[in-house]
Amino acid sequence: MTNHAPRPSPEEAQQALLAVSESRRALGPFVGSPAWLYPAQGLGMALFILGLVLFGTYPWAPVALGASVIVFCVLPLLQSTRTRVLVDVYTHRGSRTLGLLYLGAFTAIVAAALVLHALSGIDVIAYAAAVLAFVLTVIAGPAMEAKLAHWMETAR
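Chemist: Mind showing me how you'd approach the overall build of the protein chain here?
Modeler: Across its full length, the protein chain carries 5 helices and 0 strands. Shown N-terminal to C-terminal, the secondary structure of the protein chain runs as helices and strands in the order α-α-α-α-α. A buried classification covers 32% of the 156 residues belonging to the protein chain. When contacts within the protein chain are restricted to residue pairs at least 6 apart in sequence, those whose partners lie at least 24 apart make up 79%. Summing over all exposed atoms, the protein chain offers an accessible surface of approximately 9600 Å²; the carbon and sulfur share of this is 71%.

Following this line, the structure appears as structure tokens:
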């Protein structure tokens with residue numbers, strides 16, 4: 001199927017690009033999640049680690065793992081209905097690098113907890129990893145949002 005619409009002139013194309021850039025700059029100050037989002041996400045991450053690492057050790061561990069899945073399913077629904085602008089801070093190019101660092105750190109925490117617990121059997125490792133993941137999420141989430149907001153406000 002071919003499109004026979006006339007191509008925009010260079011001036012029209014430039015104006016369209018400027019309008020998009022201006023819209024992105026205007027959205028910068030509105031990038032932000034509710035205050036409860038990252039603590040709730042951190043809780044989900046902590047439950048995930050506890051459930052995964054202690055799965056065969058305690059009968060409540062599978063429940064914790066299931067609860068983490070529920071948290072991860074419910075959070076996007078709650079956030080999208082209660083906020084004005086929803087931008088994914090993990091995949092947006094304005095904060096992608098920091099998001100990848102966060103996900104890499106979380107993966108390293110999970111892997112270390114699984115290996116260390118399997119080798120030693122010390123349950124405190126799982127609890128320490130859960131706390132570390134919670135703190136990482138509560139710090140990294142707002143940092144990614146700030147980086148994204150700055151990127152949007154300084155867009156050219």
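Chemist: Got a minute to help me understand the environment of Ile109 in this structure?
Modeler: On the secondary structure map, Ile109 appears in helix H4 (residues 96–120). With relative accessibility at 12%, the residue Ile109 sits in the buried group. Setting aside residues up to four positions removed in sequence, Ile109 forms contacts with Ile49, Ala129, Leu132, Ala133 and Leu136.

Chemist: What is the right way to look at the side chain of Asp123 in this model?
Modeler: With respect to the element layout, Asp123 can be found in the loop between H4 and helix H5 (124–153). Judged by relative accessible area, which is 17%, Asp123 ranks as buried. Ignoring any residue separated from it by four or fewer positions in sequence, one finds Asp123 in contact with Leu54, Thr57, Tyr58 and His117.

Chemist: When you look at H4 in this model, what are you seeing that I'm missing?
Modeler: Residues spaced three or four apart along an α-helix point in a common direction, a consequence of the helix completing one turn every 3.6 residues. For H4, which comprises 25 residues, the first-to-last C-alpha distance of 36 Å matches the rise-based estimate of 36 Å (1.5 Å per residue) to within 8%. Taken as a whole, H4 has its buried residues at Gly99, Tyr102, Phe106, Ile109, Val110, Ala113 and His117. Close packing links the buried residues of H4 with helix H2 (37–53) and H5.

Chemist: Got a minute to help me understand the packing of aromatic side chains in this structure?
Modeler: Aromatic rings considered in pairs are described by the distance between their centres and by the relative angle of their planes. Under the counting rule described, the total for this entry stands at 2 aromatic pairs. With 6.2 Å between their ring centres and 40° between their planes, Phe48 and Phe106 make a pair best called tilted. Highlighted residues: Phe48 in helix H2 and Phe106 in helix H4, separated in sequence by 58 residues. Look at Tyr58 and Trp60: their rings are 5.5 Å apart centre to centre, the planes differ by 15°, and that puts the pair in the stacked class. Look at Tyr58 and you get partly exposed, because its relative accessible area is 28%.

What counts, and at which threshold
Residues numbered from 1 in each chain as written. Predicted model: local features only at pLDDT ≥ 70, side-chain atom pairs only at ≥ 80, totals over all residues. Heavy atoms only, no water. Helix = DSSP H or I, 4+ residues; strand = E, 2+ residues; numbered from the N terminus. Buried < 20%, exposed > 50% of the residue type's maximum accessible area, 1.4 Å probe, protein only. Contact = heavy atoms within 4.5 Å. Areas by Shrake-Rupley, 256 points an atom, 1.4 Å probe, with all protein chains shown as cover. Expected span 1.5 Å × (residues − 1). Phe/Tyr/Trp six-rings, centres within 6.5 Å; stacked < 30°, edge-to-face > 60°.

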